[in-house]
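Geometric and topological summary
So the chains spell out like this:
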There are 2 protein chains.
Amino acid sequence: MNWVGTAARRILPELFVLAAGACMLNAQSNASLNIMPLPAKVALGDGSLKIDASFRIAFTGYREARLDRAGVRLERQIQRQTGIVMLRASKSAGVVTLEANTEHESKAIQELGEDESYSLDVTPTGAKLHAGNPLGTLRGLQTFLQLIAITPEGFSVPALHIEDRPRFPWRGLMIDSGRHFIPLDVVKRNLDGMEAVKMNVFHWHLSENQGFRAESRKFPKLHEQGSDGLFYTQEEIRDVVEYARDRGIRVVPEFDMPGHSTAWFAGYPELASGSGPYVIERQWGVFDPAMDPTDEKTYKFLNEFITEMARLFTDQFFHIGGDEVNGKEWDANPKIQAFMKSHRIKNNAELQAYFSGRVQDLVTKHKKTPIGWDEVLVPGVPKTIVIQSWRGVDSLAAAAKDGYRGILSNGYYLDLGWSAVRHYAMDPLGGPAAALSPEQKRLILGGESCIWSEYVNAENIDSRIWPRNAAIAERLWSSEGTNDVASMYARMETEATRLEWLGLTHRSFQRATLQRMAGSWTPAEFDALRALAQSLEHEKDYSREASAVSPPTSLTPLNRLVDAVYPESVVSRSFSLLVDQFVASGCKDAAVAAQIRLELEVWASIEDRLQPLAERSHLVKEAAPASAALSQAAKIAMDALDGIQKGALLAADQGKIRLDSLNALEQQAHKSQLTIPELPAFQKLVEAASNSSVCTAPK
Amino acid sequence: MNWVGTAARRILPELFVLAAGACMLNAQSNASLNIMPLPAKVALGDGSLKIDASFRIAFTGYREARLDRAGVRLERQIQRQTGIVMLRASKSAGVVTLEANTEHESKAIQELGEDESYSLDVTPTGAKLHAGNPLGTLRGLQTFLQLIAITPEGFSVPALHIEDRPRFPWRGLMIDSGRHFIPLDVVKRNLDGMEAVKMNVFHWHLSENQGFRAESRKFPKLHEQGSDGLFYTQEEIRDVVEYARDRGIRVVPEFDMPGHSTAWFAGYPELASGSGPYVIERQWGVFDPAMDPTDEKTYKFLNEFITEMARLFTDQFFHIGGDEVNGKEWDANPKIQAFMKSHRIKNNAELQAYFSGRVQDLVTKHKKTPIGWDEVLVPGVPKTIVIQSWRGVDSLAAAAKDGYRGILSNGYYLDLGWSAVRHYAMDPLGGPAAALSPEQKRLILGGESCIWSEYVNAENIDSRIWPRNAAIAERLWSSEGTNDVASMYARMETEATRLEWLGLTHRSFQRATLQRMAGSWTPAEFDALRALAQSLEHEKDYSREASAVSPPTSLTPLNRLVDAVYPESVVSRSFSLLVDQFVASGCKDAAVAAQIRLELEVWASIEDRLQPLAERSHLVKEAAPASAALSQAAKIAMDALDGIQKGALLAADQGKIRLDSLNALEQQAHKSQLTIPELPAFQKLVEAASNSSVCTAPK
């Protein structure tokens with residue numbers, strides 16, 4: 001489920017000005033306390049604990065190999081983050097720096113709602129972590145890692161006391177390995193990232209029209225015919241499940257049925273409602289092929305398939321998809337129509353409900369709990385099912401009222417390119433859910449961010465997930481009142497750096513892509529290309545198909561500027577803050593104006609500076625409209641700034657003409673599927689230049 | 001062997017102006033032909049061969065699995081370099097883009113001097129590679145890969161005809177895994193890099209005072225007691241040997257004896273000449289411990305050890321080290337002194353020759369050919385031994401005159417931080433070797449670059465090897481007359497980009513290190529830090545120990561600015577070229593002056609811009625003297641430029657004062673083990689400002 005509803009657009013800006021509430025931490029006054037997600041309670045102490053080569057961790061109380069491995073990972077991360085050399089061989093003796101005390105074991109197979117709380121005490125002489133079970137210990141270790149900061153005296157952790165526990169028990173990330181195959185190592189490093197921000201569910205979207213990605217020994221033609229050879233072996237899947245468990249993460253597999261299933265039919269056309277033949281889908285969108293819900297062969301197949309997969313994926317939950325069936329194959333099949341008539345099934349929705357019920361029975365038979373997208377919630381469906389809402393908080397709240405458990409994904413679609421603050425504003429208990437009874441609220445288990453992979457591959461997926469996913473992780477872990485946006489952005493940027501030490505390529509991928517676009521270059525040319533890339537964003541929501549010259553497919557190279565830009569431009573955000581600051585000063589702050597001018601000059605010159613590259617490279621040439629649009633828009637903003645500073649205001653009609661030009665330039669950028677995020681700030685300058693009341697006095 | 005001689009400093013600048021000679025390529029007029037090393041012969045044709053998703057390689061003639069794997073690697077690299085999606089499943093049919101025809105097999109174990117020649121024909125309809133054996137095919141595939149360029153119409157390879165063969169049969173890179181352990185994946189990606197620039201020998205320095213890095217099953221205390229747990233298992237070693245063979249690279253192991261061997265003695269003190277006890281050495285330098293050459297137990301041990309290693313390392317050559325024995329343990333041991341007396345061994349050099357002879361016999365017994373550093377060349381040593389010269393071309397030429405084969409490493413020590421052009425000027429057949437007879441010249445087999453790892457670890461090793469190693473690779477592959485420095489630098493920078501697609505981190509490591517130094521930052525602060533890092537270089541040669549406050553050890557973190565800078569600053573090189581251009585214009589070129597001024601302004605402001613970071617981070621604070629020195633030096637240069645442009649020349653004594661200040665600032669930078677490579681250009685500006693004859697007319 002992939003097409004966004006409208007509810008997600010309802011952002012609640014008033015939330016942003018709320019104080020941190022239950023959290024004792026004042027993020028502004030503790031800039032070095034870069035913890036993300038913010039803990040439930042923090043109390044600062046005096047002094048700090050030095051981190052050097054003598055660092056040693058010891059596990060006490062309940063012990064297990066998973067904790068030892070976590071200790072090795074912690075030490076490795078400390079070495080990466082600090083450069084300090086630690087020899088493991090000499091680690092068996094010596095003073096303990098961090099004692100991690102665990103009371104008892106956790107469940108052999110991690111369960112929804114297990115205790116993840118911990119407390120952490122740091123003094124100048126040592127640190128003590130305490131948790132009921134290894135899950136809490138794992139969470140606390142990540143907090144400790146985040147607390148290590150560079151200071152004028154070296155690396156250290158500030159003395160403090162933390163008590164922490166998650167707000168929601170289900171904090172997930174869904175990766176779509178179906179549309180583009182995401183290699184094993186990329187999956188793993190994203191699990192590392194999830195651990196860092198305390199997420200605990202990896203939802204693995206394994207089948208799609210464009211690819212079936214899990215090896216089936218029972219039905220080998222699924223992966224052999226349905227994956228172009230790009231699939232995970234069962235050994236690799238077991239490896240991922242273990243890898244995730246080591247990090248306190250459950251793995252929930254999704255096999256999407258009865259729609260989104262063309263790739264199944266490449267090997268097993270007999271499952272389909274149409275007559276085929278079927279080949280792996282290369283286009284994007286919603287397609288006709290759907291399983292035949294009226295043929296008992298389908299359920300026999302699915303029974304055997306689910307038997308096999310239920311063993312491989314040990315988690316309690318099993319995702320059966322269920323979204324976006326257009327019903328065309330059902331309408332066109334006389335046998336299916338006859339079945340509906342004889343069984344008094346009135347429409348396709350009821351037919352899907354029938355199918356869904358049968359599949360849920362199969363899942364339940366294997367002692368698993370089914371989970372599905374919104375569409376599976378139909379009258380009479382058993383209360384055991386969990387609803388994953390892509391439609392919005394409204395449907396989630398309605399389901400909870402009816403006694404169904406649910407998780408929110410609407411508003412957390414990372415592939416849509418929203419800003420972190422826009423995701424951050426989405427609360428699973430927001431909107432109508434705020435009015436639920438406490439008991440009903442408990443049915444809302446949390447949320448999952450989703451990365452759908454139409455325009456996402458191994459190369460850029462990290463950048464489409466991180467660091468914005470850390471803001472969602474905070475929403476799902478931290479207390480409801482955690483809403484300081486400036487603090488969130490500051491901590492998110494620091495976390496973005498730390499995530500790089502895990503091997504995530506969310507920042508580093510860009511230079512590689514730009515180098516490919518440029519071929520060879522002078523430093524000035526490359527600087528211009530990088531400045532362009534860092535100032536633009538890709539178009540939001542689902543406009544990329546609309547603005548593409550030819551329809552993109554799964555074989556379209558993702559080697560263009562639109563693939564290289566970050567979803568949220570840091571450059572643009574700080575420029576907007578500058579312009580706000582300037583306007584708030586009644587356009588009087590000359591120092592800020594100078595900074596604004598400097599940025600505008602860079603943008604104004606980009607078009608010319610990129611010209612030689614555009615003449616040599618088809619990929620730079622393709623981005624020329626966007627580059628020209630940015631330069632010309634910056635020149636309009638610069639004129640406005642000149643006017644403001646010279647006290648020569650624009651006539652209202654002149655202001656209007658310039659605003660229209662800015663809008664036209666944004667349209668021009670869309671030709672390369674790009675957007676100019678500085679545009680609102682440019683508009684603000686033009687409006688200030690045409691309205692004397694804006695620029696007269698500080699507000 | 002590690003301490004550089006003086007011969008390497010003899011650079012022959014007149015070489016640089018020679019024409020390309022036998023090479024038909026005019027690099028300046030074929031800027032897009034970014035091949036490195038340059039082929040022996042290139043003739044350009046008309047048009048180009050398009051590279052797109054239909055690309056297909058087919059091997060004809062002699063076939064083997066190694067070639068198929070090379071084809072898979074080639075396709076993967078094309079996908080990385082272009083972003084084009086290729087589905088292997090659909091590759092079995094379709095038009096062949098590149099036919100790689102191989103006549104016959106190569107030796108099962110790659111041998112010195114095997115044919116590596118190939119020819120390549122590219123037309124707009126297809127490419128054909130032809131080689132006698134798979135080694136030539138592997139070389140040709142790398143050339144093809146380098147020819148793929150982005151153009152206004154897409155990715156393509158220009159039509160051309162190439163005939164190519166190496167100048168020297170031994171083109172190596174030595175990696176010192178002893179002083180700092182270099183993990184397996186880092187070794188492997190450097191083998192990838194070697195393949196890209198057609199190097200064919202990986203010399204693996206596996207034992208040192210600071211570490212014994214190869215698993216020995218016969219003598220397990222070698223790696224157990226001598227490595228801090230950081231060693232290569234035999235399985236990993238076999239993997240590296242196979243991985244290298246796949247890339248046409250021989251692996252020559254080195255076990256350094258009788259000196260440089262403290263780590264052996266940690267587990268087996270009975271091998272030593274002193275009384276011990278011995279522990280792994282942590283300091284850098286030349287140390288006293290040496291094997292006991294007078295005890296038959298030593299040879300019994302070495303016989304069994306060499307038996308084991310000779311099986312593991314399949315190459316014909318076996319490196320026994322032999323360098324830098326200070327003899328102190330021998331002098332102090334009465335038993336050894338008695339042995340010398342009774343055997344009429346006059347001095348330690350003769351004693352080492354005796355040891356060396358015995359070890360060579362053991363190596364020869366295993367049908368291997370010994371190779372050793374300069375010191376092993378003593379009167380009467382068998383002619384089979386190969387001399388690796390760290391002392392210089394003089395000793396290499398002298399050895400050749402006596403009938404010994406040799407390879408040059410003097411002048412190719414990458415850890416000394418020399419410029420690429422300085423390495424490029426070193427020729428194994430330069431200096432006295434130029435006067436050798438053709439037969440004697442053939443005894444000089446080639447050369448090896450070396451990276452000694454006192455200040456090199458997994459994080460920065462790639463940056464210490466690449467891209468400068470590509471210039472050495474070209475010296476050893478391309479024809480003698482290949483000496484166009486501007487072309488070399490241009491192609492080296494393009495190759496540096498391509499090497500990144502192999503996973504080499506020579507550029508990307510820097511941001512990680514700087515981020516660690518900074519902790520958290522504003523974009524302006526980080527820009528200043530990056531500008532500083534990219535403008536400075538680490539001190540050259542062996543000055544780092546001399547300028548260190550406390551003696552660095554193998555446990556010293558390599559997390560400082562000196563570890564983050566590139567050995568050769570691209571920024572500095574282009575600035576120097578600008579200043580040359582300005583002076584050559586008689587100081588009249590205003591556009592160039594403006595560019596110079598822009599750079600100077602950046603540097604002049606760095607000190608202030610870094611101040612806030614220096615107050616927060618001990619690692620930035622430590623670099624403050626260097627940052628201040630650069631800023632102040634830039635201000636002196638800016639004053640000089642102002643004077644020149646205003647026509648206000650400096651009095652001679654004023655010029656002298658400023659030149660003295662610049663020298664003092666360079667000394668100040670040394671406090672952080674850094675050097676200011678822009679200084680000669682700054683001096684040039686000051687000299688121009690104090691000498692009216694420089695700035696009057698274009699030369």
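Conventions we followed
- All residue numbers refer to positions counted from 1 along the written sequence of the respective chain.
- Ligands are numbered from 1 and chains lettered from A, in the order in which they are written.
- Only residues with pLDDT of at least 70 get local features here, since the model is predicted, and only at 80 or more are side-chain atom pairs given and counted; chain-wide, interface and lining totals rely on the full set of residues.
- Here the side-chain values reflect all heavy atoms present in the structure, with hydrogen atoms and water set aside.
- Between two residues, a contact is recorded if the distance between any of their heavy atoms is within 4.5 Å.
- When two parts are put together, the accessible area they lose, computed with a 1.4 Å probe and summed over both, is reported as buried area.
- The term salt bridge refers to a pairing of a side-chain nitrogen on Lys or Arg with a carboxyl oxygen on Asp or Glu at a separation within 4 Å.
- In the analysis that follows, any N or O atom pair within 3.5 Å is treated as a polar contact, provided that within protein one partner can donate a hydrogen and the other can accept it, and provided that, for residues neighboring in sequence, both atoms belong to side chains.
- Put simply, DSSP marks the helices as runs of H or I at least four residues long and the strands as runs of E at least two long, and each gets a number from the N terminus on.
- Cysteine sulfur pairs qualify as disulfides if the two atoms are within 2.5 Å.
- Only protein chains enter the accessibility calculation, which uses a 1.4 Å probe. A residue is then buried if its area is under 20% of the maximum for its type, exposed if over 50%, and partly exposed in between.
- When DSSP finds two or more bridges between a pair of strands, those strands are recorded as paired.
- By convention, orient the strands away from the viewer: a clockwise path from the first strand over the helix to the second makes the crossover right-handed.
- Alignment of the copies relies on least squares applied to C-alpha atoms, considering only residues that score at least 70 for pLDDT in both.
- Only the stretch in contact is used when a helix axis is fitted, and all axes are lines through C-alpha atoms; the angle between N-to-C directions ranges over 0 to 180 degrees.
- Domain limits in this description derive from either an automatic procedure or a database domain assignment.
- Residue polarity follows a fixed list, in which Ala, Val, Leu, Ile, Met, Phe, Trp, Tyr, Cys and Pro are nonpolar, Asp, Glu, Lys and Arg are charged, and the others, Gly among them, are polar.
- Within this analysis, the arc is defined by the directions that extend from the helix axis to the C-beta atoms.
- Nine residue types can take part in a nonpolar core, namely buried Ala, Val, Leu, Ile, Met, Phe, Trp, Tyr and Cys, and a core is a set of them joined through side-chain atoms within 4.5 Å.
- Here a pair means two rings of Phe, Tyr or Trp (six-membered ring of Trp) with centres within 6.5 Å. Their orientation is stacked below 30 degrees between planes, edge-to-face above 60, and tilted elsewhere.
- Look at NZ for Lys and CZ for Arg. If either is within 6 Å of the ring centre and within 35 degrees of the ring normal, a charge sits over the ring.

1. As for the interface of chain A and chain B
Contacts between the two partners involve 45 residues from chain A, matched on the other side by 46 residues from chain B. Of the roughly 3200 Å² buried at the junction of chain A and chain B (both faces included), carbon and sulfur atoms supply 60%. When the area that chain A buries against chain B is broken down by residue, the three leading residues are L87, I150 and R516 of chain A, summing to 19%. Counting across the interface, chain A meets chain B through two salt bridges. With its nearest N and O atoms 2.7 Å apart, the salt bridge here joins R511 of chain A to E500 of chain B. Viewed at the interface, chain B and chain A are joined by 16 residue pairs in polar contact (both at pLDDT 80 or more). Sort the elements by how many residues they give to the side of chain A that touches chain B and helix 17 (residues 509–518) of chain A lands first, with seven residues.

2. Considering the state of the cysteines
Residue and element names in this part refer to chain A. Applying the stated criterion to the full structure yields two disulfides over all chains. C587 shares a disulfide with C695; S-S distance 1.9 Å. What sets the handedness of the C587 and C695 disulfide is the S-S torsion sign, and at about -55 degrees it is left-handed. Within this pair, whereas C587 is found in the loop between helix 21 (570–584) and helix 22 (590–616), its partner C695 is found in the segment after helix 26 (679–689), the two being separated by 108 residues in sequence. C587 sits in the buried class, given a relative accessible area of 12%. A relative accessible area of 14% means that C695 is categorised as buried.

3. Some words on the pairing of strand 8 (residues 170–176) of chain A
Residues and elements named next belong to chain A. Of all seven residues that make up strand 8, seven are buried, and the element is covered over most of its length. The alternating pattern of strand 8 places W170, G172, M174 and D176 and R171, L173 and I175 on opposite faces, both of which are buried. As defined by bridge partners, strand 8 adjoins strand 17 (residues 444–451) across six bridges and the pair is classed as parallel. The residue bridging R171 from the neighbouring strand is G447, located in strand 17. One crossover worth recording links strand 8 to the parallel strand 9 (residues 201–205) by way of helix 3 (residues 184–196), and it is right-handed.

4. Things to note about the relation of the copies chain A and chain B
Its rotation angle being 180 degrees, the transformation that places chain A on chain B also includes 0.0 Å of axial translation and leaves an RMSD of 0.1 Å. Taken together, the rotation and translation describe the operation of a two-fold axis. Considering only C-alpha atoms, the part of chain A nearest the rotation axis is S508 of chain A, at 3.7 Å. Here 100% of the interface residues in chain A have copies in chain B that are interface residues too; the copies meet face to matching face.

5. A short note on helix 15 (residues 468–477) of chain A
Residue pairs spaced three or four apart in an α-helix point in one direction, given the helix's 3.6 residues per turn. Among the ten residues in helix 15 of chain A, ten count as buried, and that is most of the element. For helix 15 of chain A, the set of buried residues is R468, N469, A470, A471, I472, A473, E474, R475, L476 and W477 of chain A.

6. Topic: the environment of D164 of chain A
All names here are of chain A. Mapped onto the elements, D164 comes out in strand 7 (residues 154–164). Linking D164 and K188, residues 24 residues apart in sequence, is a C-alpha distance of 26 Å. Beyond its immediate stretch of four places on either side in the chain, D164 contacts L38, P39, A40, S117, Y118, K198 and W477. Within the structure, D164 has its side chain in polar contact with the side chain of Y118 (distance 2.7 Å). At 2.9 Å, the side chain of D164 forms a polar contact with the side chain of W477.

7. A word on the sheet that holds strand 17 of chain A
Residues and elements named next belong to chain A. Read around the closed barrel, the eight strands follow the order 8-9-12-13-14-15-16-17; overall the barrel is parallel. Put simply, the sheet's adjacent strands are angled 25 degrees from each other on average, direction ignored. Across three bridges, the pairing between strand 14 (residues 369–373) and strand 15 (residues 386–389) is parallel. Residue pairing across strands places I371 opposite V386, the latter belonging to strand 15.

8. A look at the domain arrangement of chain A
All names here are of chain A. Split by domain assignment, chain A resolves into domain 1 (3–7 + 508–689), domain 2 (41–164) and domain 3 (171–498). The straight-line distance from the C-alpha centre of domain 1 to that of domain 3 is 35 Å. Of the residues lining the interface, 29 residues belong to domain 1; the matching set on domain 3 comes to 31 residues. Where domain 1 abuts domain 3, roughly 2600 Å² becomes buried across the two surfaces, and 53% of that area is made up of carbon and sulfur atoms. Here domain 1 is connected to domain 3 by one salt bridge. Between R516 and E459 there is a salt bridge, and its shortest N-O distance comes to 2.4 Å. There are eleven residue pairs in polar contact (both at pLDDT 80 or more) connecting domain 1 and domain 3. Broken down by secondary-structure element, the contributors of at least two residues to the side of domain 1 that touches domain 3 are helix 17, helix 19 (543–547), helix 20 (561–564) and helix 21. Residue classes in the side of domain 1 that touches domain 3 are distributed as 15 nonpolar, five polar and nine charged.

9. What to know about helix 11 (residues 393–401) of chain B
Residue and element names in this part refer to chain B. Within the span of helix 11, buried status applies to V393, L396, A397, A399 and A400. In an axial view of helix 11, the angular spread of the buried residues amounts to 160 degrees, which keeps them on one side of the axis. Against strand 15 (386–389), strand 16 (405–408), helix 13 (438–443) and strand 17 (444–451) lie the buried residues of helix 11. Just downstream of helix 11 lies G403, where phi reads positive at about 95 degrees.

10. Describing the sheet that holds strand 16 of chain B
Residue and element names in this part refer to chain B. As summarised here, the arrangement of the eight strands in space is 8-9-12-13-14-15-16-17, forming a closed barrel in which the pairing is parallel. Taking each pair of neighbouring strands and ignoring which way they run, the sheet shows an average axis angle of 25 degrees. Contacts from helix 3 (residues 184–196) reach strand 8 (170–176) and strand 9 (201–205), with the element oriented near 150 degrees to strand 9.

11. Digging into the nonpolar core
Among the nonpolar cores identified, the biggest contains 94 residues, and L561, I596, L600 and F682 of chain A together with L98 and F144 of chain B are the most heavily contacted of them. Element by element, the count of residues in this core is highest for helix 24 (residues 624–646) of chain A, at eleven residues. Every residue in contact with L561 of chain A, bar those within four places of it in the chain, is listed here: L514, M517, L532, A533, L536, A623 and L674 of chain A. With 93 residues, the next largest nonpolar core counts L49 and L67 of chain A together with F526 and L659 of chain B among its residues.

12. Digging into the pattern of salt bridges
Residue and element names in this part refer to chain A. Counting across every chain of the model gives 80 salt bridges over all chains. A salt bridge links R250 to D315; its shortest N-O distance comes to 2.9 Å. A residue pair is termed long-range when its members are at least 10 positions apart, and R250 in strand 12 (residues 250–257) and D315 in the loop between helix 7 (296–312) and strand 13 (317–321) qualify at 65 residues. In this structure R250 comes out as buried when scored by relative accessible area, which is 3%.

13. Here we look at the packing of aromatic side chains
Residue and element names in this part refer to chain A. Going through the model one piece at a time under the given rule, you end up with 56 aromatic pairs over all chains. Judged by centre distance (5.1 Å) and plane angle (80 degrees), the ring pair of W170 and F317 falls under edge-to-face. With W170 in strand 8 and F317 in strand 13, the pair connects residues that are 147 residues apart, well separated along the chain. Both residues of the pair, W170 and F317, belong to the buried class. Put simply, the rings of F181, F202, W204, F212, Y232, F255, W264, F305, F313 and F318 pair up and form one aromatic cluster. When the ring centre of W170 is taken as reference, the NZ or CZ atom of R250 above it lies at 4.5 Å.

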